[in-house]
Amino acid sequence: MNRKDVCGSSGLPRPFRLVEVRRENRSVCSFFFDQEMPARPGQFVMAWLPGLSEKPFSLAGASPVRLTVAAVGAFSQAVHALRPGDRLWLRGPLGRGFTLPPEGSRQKLVLVGGGYGTAPLLFLARQAQAAGHTVEVVIGAKTGADLLLGEEFEQMGISPHLTTEDGSAGRAGVVTAVLVDLLAAADSPPAVYACGPTGMLAAVDEVCRQAGAAVQLAWEAYMRCGIGLCGSCEVGEGWLVCLDGPVFGQNPVLNPPG
Amino acid sequence: MNRKDVCGSSGLPRPFRLVEVRRENRSVCSFFFDQEMPARPGQFVMAWLPGLSEKPFSLAGASPVRLTVAAVGAFSQAVHALRPGDRLWLRGPLGRGFTLPPEGSRQKLVLVGGGYGTAPLLFLARQAQAAGHTVEVVIGAKTGADLLLGEEFEQMGISPHLTTEDGSAGRAGVVTAVLVDLLAAADSPPAVYACGPTGMLAAVDEVCRQAGAAVQLAWEAYMRCGIGLCGSCEVGEGWLVCLDGPVFGQNPVLNPPG
Amino acid sequence: MPDPLLACRFLDFNLPSPLVLASGIIGTSPALMARAARAGAGMVTAKSCSLRPREGHPNPTALDWGGGLINAIGLTNPGAAAEVEVLRATRRLLQPLGVPLIASIFAGTVEEFRQVARIIQQAGPDLLEVNISCPNVSDEFGTPFAALPDSAAAVTGAVRQEVTCPVAVKLAPNVPNIARIAAAVVEAGADAITAVNTMPGMVIDAAAGRPVLSNRVGGISGPALKPIALRCVYEIRRAVAVPIIGVGGVSTGRDAAEMLMAGATVVGVGSAVCYRGVSAFEEIGRELVALMKQYGYPSVEAIRGVCHR
Amino acid sequence: MPDPLLACRFLDFNLPSPLVLASGIIGTSPALMARAARAGAGMVTAKSCSLRPREGHPNPTALDWGGGLINAIGLTNPGAAAEVEVLRATRRLLQPLGVPLIASIFAGTVEEFRQVARIIQQAGPDLLEVNISCPNVSDEFGTPFAALPDSAAAVTGAVRQEVTCPVAVKLAPNVPNIARIAAAVVEAGADAITAVNTMPGMVIDAAAGRPVLSNRVGGISGPALKPIALRCVYEIRRAVAVPIIGVGGVSTGRDAAEMLMAGATVVGVGSAVCYRGVSAFEEIGRELVALMKQYGYPSVEAIRGVCHR
Ligand SMILES: Cc1cc2nc3c(=O)[nH]c(=O)nc-3n(C[C@H](O)[C@H](O)[C@H](O)COP(=O)(O)OP(=O)(O)OC[C@H]3O[C@@H](n4cnc5c(N)ncnc54)[C@H](O)[C@@H]3O)c2cc1C
Ligand SMILES: Cc1cc2nc3c(=O)[nH]c(=O)nc-3n(C[C@H](O)[C@H](O)[C@H](O)COP(=O)(O)OP(=O)(O)OC[C@H]3O[C@@H](n4cnc5c(N)ncnc54)[C@H](O)[C@@H]3O)c2cc1C
Ligand SMILES: Cc1cc2nc3c(=O)[nH]c(=O)nc-3n(C[C@H](O)[C@H](O)[C@H](O)COP(=O)(O)O)c2cc1C
Ligand SMILES: Cc1cc2nc3c(=O)[nH]c(=O)nc-3n(C[C@H](O)[C@H](O)[C@H](O)COP(=O)(O)O)c2cc1C
Ligand code: FES
Ligand code: FES
């Protein structure tokens, strides 16, 4: 619970220069910057555009820094309007990231992503592979046009299981259906990592609990300070997503802090 | 001239617990403390006794910290009244210490000490020997009863040249007379290190200049802040003993800063 | 439960620990305040509330600038009526822990302070803290009441009349003579003093060529505030006899000891939650106990005000 | 010589650099002040002097507490008459360098300010800085004149009448509304404002159970003061049009740029001498030039006040 142990002083925003923009789907782009950040998958940054606002985004990569952003409102649209050479100020890394199983233990991990929640899982998948683990990925979205990052997982030799709610691509339905199958097929329960809408996370948590699989959930909440002061990111009975999370080992809404 | 490079933030006084007191002569005692300090010979500390004052003293040793203090007034007498287990607060190390010749170059050094100025030279001699240099020592005082630390040099295998102004011990006269002889006898001029009253230092400087020997002089001045702010330790035309010294490569009174 | 060595008295309360959750830090919900209490806070202070709900300032609202924090949250709160419910629920959670609840109120006029006090009083807080010193809303409200002895006393007197619980007045560090303000509010009926609120400051990003906080000016807290707060508490202790909640830059047990030595009766902790998590209370308490044992202080009482001896 | 990019105007002076040696830091002798100028200071300020000589406080008088410095030197100075000689000698050394000399004066009454100004005027300083804000002698002199608009204006007006050179008034950060004080002294005839002096604070040693400075209270400078000083300068710039010497926590070229952006005309440097030696001026200047080139500022003039746009 000691923040300094986790990620040190959060520091001031620093300008990062945009190097490359890659369109991921109709509403999501990835932004690659000119610098690295010593961060773990699951940690986030507060991104500042002077004069506009400052908003939280997960790191989709750290060397170099990569953000994968859905254009949903004023700020994210302004980020989408940035061109290579432009600057975005980032403060972080913030929060506690995912924890991988011990290096060399060569475990089987299942990563479950919904919407732009898939972004930090890409970062996680790279680290997991580098640490010798086997990675399976489930990606869900509303429609096929909203699916994200499938190709990049393919390039890593991972064939993601795709699901869409409207059945326009992959399996029709939600990610938990695939997850249930994967858990049932496994000899021993794999470690599950999930990021996406909170409804999805709650469902993943429930499925894992029943299967006895350890789970790590990257939660989201409305953030202001990002450093554990203002209370605006509280979920459940007293968890701060920015300080205690965003990654939790259980559904924070159902399990109050001890 | 960058202080951070030299010794970092000077920091607050910290309590050091006195472990041992050793009487050196009728007016001087050495005080050994319970902790180390990452310091170089020639650097000093500001010693604080709460409610009394804070005064500068050279480090006569750093692992553990050792001060060799002449009882001359209220503060130094109060230090002399300390008993093992008592605390003295030290702030430092401060200032720039002596620089030894490159390790392995096995040079010949001459150390010239007057009064309690001999104390930092003991610290220096130990480091010089450890670095493979040959050390010759000249110790001067008013009378034989004021001579200092001769035995400790002996224990290190160094036979110090002793001088007293009244001739009551060693050679009658001042340290520079011995130094002139040593310099004359040397094949190539040795590196000279001196600490003592400023009159003595000026004389040593002059002798060395004439002999073409490089010299390092540990100067003294009245100190208040000890960290380069108040100007009270100015010597010559604009040198600050606490910040630029106490060790100077030439007589600071005759050579203004560039 | 905190170490028994930390038990101490404050006004008529027997506290499990002298560490107090400062106003505005995670004091937004019953669960969060109870969490601070379970983590070792001896009292908890709710976020300051105003008559009507406030959204606060847009982001960026809080930053760690290296030497401490700066914030201009802008007194985000649900308004006094809704706050009553928050406070009631909080009291229910705190009671079994023996941890008193401090409500905090804020307003733009003396009359409005009265109104807010009257409403909050319904929640039955153990202590009412009157925040006359928030620096982050001066564009809206002008110079804080904490600026002058007269205005500070006027608010204190008005609130004092409205409520039955003890009243603490929270002072600002950016005054020429804080002891005079303290004397004035005590004269006007304050039962305790909370010192200090944040120090107004500004963090500028040279690359952007502008202040980082959307409100431009913000309040400095954390390590950089500590020597300022210690001096304020020291000067207040010389001037008045009422208990002092000493707040500002306390992040370690040693900091807490210094604050008590300066004359604080109990010690507020705010920014440390950002540096050390909610378990800051547990850790600071443990460090304080260790220091008390090392230096031979038998009780919190024994440390209080030693700098004045 | 400083980089030509640093050349700038201040009042009627063409300065080689916007970096100014702040009062009280090595401003005790002609040689030290000349050294600061040779190291790259564009103006130098002498230590504040009073009518009669002052020994200052006993040690400890200055400390680095980690987040900055704290000092209570206690205005050690040789008295106005002797100071005239120091200033004359300093001017002779500075003139060939094109570096103006700022004298600084201090007194306990308006009448004494007049007297000191009259004496110091004989030395012909380029600018007279009126220190109405030293926090370290309040035991002797009571609340500083900088505390209230009226008292600040009274000193300013009196000194203004006595001297022919331009007058800068040095303000304190521990006031509720520094812009009002600034407006009052400008109204009373100040040609420039120096902001800010140190912030009153206290450093306590928990092991000793007492304040470390012999004066107990001291003035905080260095990094911890920077956000406070930036805010003060920003608020003063919004309120008045006269040039501002912005001082407080400037240790790097980036700090200097931020101070200019906040609205300073030139930038004072004090504590950085402790952190970086006298060559602080050279190094900060070089860093500022690099930053100006990186962000495309063609002149010091171009950076000034950009936070207000
Ligand atoms: C830990 C965390 C990680 C995130 N990672 C990503 C990511 O990798 N990619 C991505 O596209 N989005 C991510 N988000 C969501 C992102 O913060 C919002 O999409 C963004 O703030 C929207 O701002 P806007 O001005 O564009 O839209 P607005 O019009 O302001 O809001 C649209 C929606 O975004 C959400 N939102 C707005 N402001 C905030 C805020 N301050 N904090 C949290 N949510 C907010 C709300 O649900 C709101 O309804 C993350 C959020 C959190 C908390
Ligand atoms: C860099 C440096 C290193 C020193 N190292 C040693 C050492 O290793 N051993 C040792 O015995 N002494 C050392 N001294 C001298 C020591 O600081 C003084 O002896 C001591 O301060 C005397 O204080 P007092 O109260 O006992 O005597 P006082 O009665 O106050 O003064 C006696 C004499 O001590 C000197 N002195 C007093 N105060 C100061 C001060 N603040 N700064 C400098 N000198 C002062 C003056 O010459 C004075 O005349 C050193 C001084 C300096 C500047
Ligand atoms: C994010 C934040 C919000 C705050 N909000 C309030 C508030 O609503 N009311 C109040 O009286 N003080 C508020 N404060 C001031 C704190 O209660 C405390 O006085 C100050 O932060 C100094 O303590 P610290 O250094 O331990 O944080 C706030 C401080 C911070 C950092
Ligand atoms: C040791 C010291 C002595 C000072 N003496 C004076 C003084 O005599 N007169 C004055 O106006 N300011 C004095 N000051 C304040 C400085 O001029 C400056 O305003 C303050 O230190 C903030 O700048 P800095 O952070 O760069 O040091 C002194 C500051 C220090 C650190
Ligand atoms: S965003 Fe402020 S506490 Fe989490
Ligand atoms: S003792 Fe203050 S400048 Fe050296």
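Residues numbered from 1 in each chain as written. Chains lettered and ligands numbered in written order. Predicted model: local features only at pLDDT ≥ 70, side-chain atom pairs only at ≥ 80, totals over all residues. Heavy atoms only, no water.

Peer 1: Help me understand the overall build of chain A in this model?
Peer 2: Counting secondary structure elements, chain A contains six helices and 16 strands. For 258 residues, the compact-globule estimate of 2.2 N^0.38 gives 18 Å, and chain A sits close to it at 17 Å. For the C-alpha atoms alone, the extent of chain A along its principal axes is close to 50 × 45 × 35 Å. Within chain A, the fraction of its 258 residues that count as buried is 57%. Put simply, 61% of the contacts in chain A that link residues at least 6 apart link residues at least 24 apart. In the form shown here, chain A has an accessible surface area of approximately 10100 Å², with 51% of it arising from carbon and sulfur atoms. Distance between charge centroids for chain A: 7 Å, based on 21 positive and 23 negative side chains. (Helix = DSSP H or I, 4+ residues; strand = E, 2+ residues; numbered from the N terminus. Rg over C-alpha atoms; globule rule 2.2 N^0.38 Å. Buried < 20%, exposed > 50% of the residue type's maximum accessible area, 1.4 Å probe, protein only. Contact = heavy atoms within 4.5 Å. Areas by Shrake-Rupley, 256 points an atom, 1.4 Å probe, with all protein chains shown as cover. Lys, Arg positive; Asp, Glu negative; His and termini not counted. Charge placed at Lys NZ, Arg CZ, Asp CG, Glu CD.)

Peer 1: Just checking my understanding: could you explain helix α5 (residues 149-162) of chain D for this structure?
Peer 2: Count 3.6 residues to each turn of an α-helix, and residues three or four apart come out pointing the same way. When the terminal C-alpha atoms of α5 of chain D are compared, their 20 Å separation across 14 residues agrees well with the 20 Å that a helix rising 1.5 Å per residue should span. Taken as a whole, α5 of chain D has its buried residues at Pro149, Ala152, Ala153, Val155, Thr156, Ala158, Val159 and Glu162 of chain D. (Expected span 1.5 Å × (residues − 1).)

Peer 1: Sorry if this is basic, but what is going on with the pairing of strand β16 (residues 266-269) of chain C here?
Peer 2: Here is the key point about a regular strand: its side chains alternate between the two faces of the sheet. Residue and element names in this part refer to chain C. Covered by surrounding structure in β16 are Val266 and Gly268 together with Val267 and Val269, the residues of both alternating faces. As judged from the three bridges shared by strand β3 (residues 19-21) and β16, these two strands associate in the parallel manner. Bridged to Val20 within β16 is Gly268. Note that strand β15 (residues 244-247) and β16 share three bridges and pair parallel. (Pairing = 2+ DSSP bridges.)

Peer 1: Please explain the pattern of salt bridges as it appears in this structure.
Peer 2: Note that side chains of opposite charge can pair when their charged atoms are close. Residues and elements named next belong to chain A. Under the definition given, this model contains 46 salt bridges over all chains. Among the ionic pairs, Glu152 bridges to Arg126, the shortest N-O distance being 3.0 Å. Separated by 26 residues along the polypeptide, Glu152 in helix α4 (residues 150-155) and Arg126 in helix α3 (residues 118-130) bring together distant segments of the chain. By relative accessible area, Glu152 is classed as buried at 10%. Here Arg126 falls in the partly exposed class, since its relative accessible area comes to 39%. (Salt bridge = Lys/Arg side-chain N within 4 Å of Asp/Glu carboxyl O.)

Peer 1: Just to check I follow, could you spell out the site of ligand 2 for this structure?
Peer 2: All names here are of chain B. The local shell around ligand 2 holds 17 residues, among which Lys55, Pro56, Ala70, Ser76 and Met223 are the closest. Within the backbone of Pro56, one N or O atom sits 2.6 Å away from an oxygen atom of ligand 2. Between Thr68 and ligand 2, the recorded distance is 2.8 Å, taken from a backbone N or O atom to a nitrogen atom. A total of 850 Å² of accessible area belongs to ligand 2 in isolation, and the protein chains cover 78% of it. (Near = heavy atom within 4 Å. Polar contact = N/O pair within 3.5 Å; in protein donor to acceptor, adjacent residues only side chain to side chain.)

Peer 1: I keep staring at the relation of the copies chain C and chain D and nothing clicks. Help me out?
Peer 2: When chain C is fitted to chain D, the residual RMSD is 0.0 Å, and the transformation amounts to a turn of 180° plus an axial shift of 0.0 Å. Here the transformation between the copies is reduced to the relation of a two-fold axis. Most of the interface of chain C is mirrored in chain D, where 100% of its interface residues are also at the interface. (Least-squares fit on C-alpha atoms with pLDDT ≥ 70 in both.)

Peer 1: How should I be thinking about the environment of Ile25 of chain D in this particular structure?
Peer 2: For Ile25 of chain D, the location among the structural elements is in the loop between β3 (19-21) and α1 (30-38). A relative accessible area of 13% means that Ile25 of chain D is categorised as buried. A C-alpha to C-alpha distance of 22 Å links Ile25 of chain D and Pro166 of chain D, two positions 141 residues apart in sequence. Those residues in contact with Ile25 of chain D that lie beyond four places of it in its chain are Leu229 of chain B together with Gly270, Ser271 and Val273 of chain D.

Peer 1: For this particular structure, what's the right way to read the environment of Ala203 of chain A?
Peer 2: Here Ala203 of chain A is to be found in helix α6 (residues 198-211). Note: C-alpha distance between Ala203 of chain A and Pro120 of chain A (83 residues apart in sequence) is 19 Å.

Peer 1: Mind showing me how you'd approach the interface of chain C and chain D here?
Peer 2: Many analyses report the size of an interface as the accessible area lost when the parts associate. Across the boundary between the two partners, chain C contributes 39 residues, which contact 40 residues of chain D. Summing both partners gives a buried area of about 3300 Å² for chain C against chain D, and 68% of it is carried by carbon and sulfur. On inspection of chain C and its partner chain D, the count reaches zero salt bridges. Applying the counting criterion to the chain C and chain D interface returns six residue pairs in polar contact (both at pLDDT 80 or more). Those elements that provide at least two residues to the side of chain C that touches chain D are β11 (199-202), β13 (210-211), β14 (217-221), α7 (226-239), α8 (253-262) and α10 (280-295) of chain C. Partitioning the side of chain C that touches chain D into residue classes produces 27 nonpolar, five polar and seven charged. (Buried area = accessible area lost by both parts, 1.4 Å probe. Nonpolar A, V, L, I, M, F, W, Y, C, P; charged D, E, K, R; others polar.)

Peer 1: How should the site of ligand 1 be read in this particular structure?
Peer 2: Residues and elements named next belong to chain A. If you check the shell around ligand 1, you find 17 residues, and the closest are Lys55, Pro56, Thr68, Ala70 and Ser76. In the environment of ligand 1, a nitrogen atom lies 2.8 Å from a nitrogen or oxygen atom belonging to the side chain of Lys55. Protein chains shield 77% of the accessible area of ligand 1, which is 850 Å² for the free molecule. Within the residue set of the shell around ligand 1, elements represented by two or more residues are β4 (53-58), β6 (65-70) and α2 (74-80). Broken down by class, the residue content of the shell around ligand 1 amounts to eleven nonpolar, four polar and two charged.

Peer 1: Got a minute to help me understand the interface of chain C and chain A in this structure?
Peer 2: Across the boundary between the two partners, chain C contributes 39 residues, which contact 37 residues of chain A. Here chain C and chain A share an interface that buries about 2800 Å² over both sides, 56% of which is from carbon and sulfur atoms. Of all residues in chain C, the largest losses of buried area upon contact with chain A belong to Arg35, Asn59 and Asp64 of chain C, amounting jointly to 21% of the total for that side. For the interface between chain C and chain A, the tally reads one salt bridge. A salt bridge links Arg35 of chain C to Asp244 of chain A; the shortest N-O distance between them is 2.6 Å. At the boundary of chain C and chain A, one finds 14 residue pairs in polar contact (both at pLDDT 80 or more).

Peer 1: Explain the sheet that holds strand β4 (residues 53-58) of chain B to me, please; I cannot follow it from the model alone.
Peer 2: The pairing of strands in a sheet happens through backbone hydrogen bonds and is either parallel or antiparallel. Residues and elements named next belong to chain B. Spatially, the seven strands line up as an open sheet ordered β4-β3-β7-β1-β2-β6-β5, and their pairing is antiparallel. A strand with exactly one partner marks an edge of an open sheet, and here the two such strands are β4 and β5 (61-62). The pairing of strand β3 (residues 44-49) with β4 spans six bridges and is antiparallel. Bridge pairing in β4 links Met46 to Pro56. Along the sheet, helix α3 (residues 118-130) makes contact with β4, β5 and β6 (65-70), crossing β6 at roughly 150°. (Axes fitted to C-alpha atoms, helices over the stretch in contact; angles between N-to-C directions.)

Peer 1: Before we go on, may I ask you to explain helix α6 (residues 198-211) of chain B in this structure?
Peer 2: Residues and elements named next belong to chain B. An ideal rise of 1.5 Å per residue puts 20 Å on 14 residues; α6 measures up with 20 Å between its terminal C-alpha atoms. In this structure, the buried residues of α6 make contact with β8 (108-114), α5 (175-185), β12 (191-195) and β13 (215-218). One or two residues past the end of α6 sits Gly212, with phi positive at roughly 70°.

Peer 1: What is the right way to look at the sheet that holds strand β7 (residues 101-105) of chain C in this model?
Peer 2: Residue and element names in this part refer to chain C. The strand order around the closed barrel built from eight strands is β3-β4-β7-β8-β9-β10-β15-β16, with neighbouring strands paired in parallel fashion. With direction set aside, neighbouring strand axes in the sheet form an average angle of 25°. Direction of pairing for strand β9 (residues 167-171) relative to strand β10 (residues 192-195): parallel, over a ladder of four bridges. Residue pairing in the sheet places Lys170 in a bridge with Thr194 of β10. Across the face of the sheet, helix α1 (residues 30-38) comes into contact with β3, β4 (43-45) and β7 while running at roughly 150° to β4.

On their own, these measurements won't tell you what the molecule is for.
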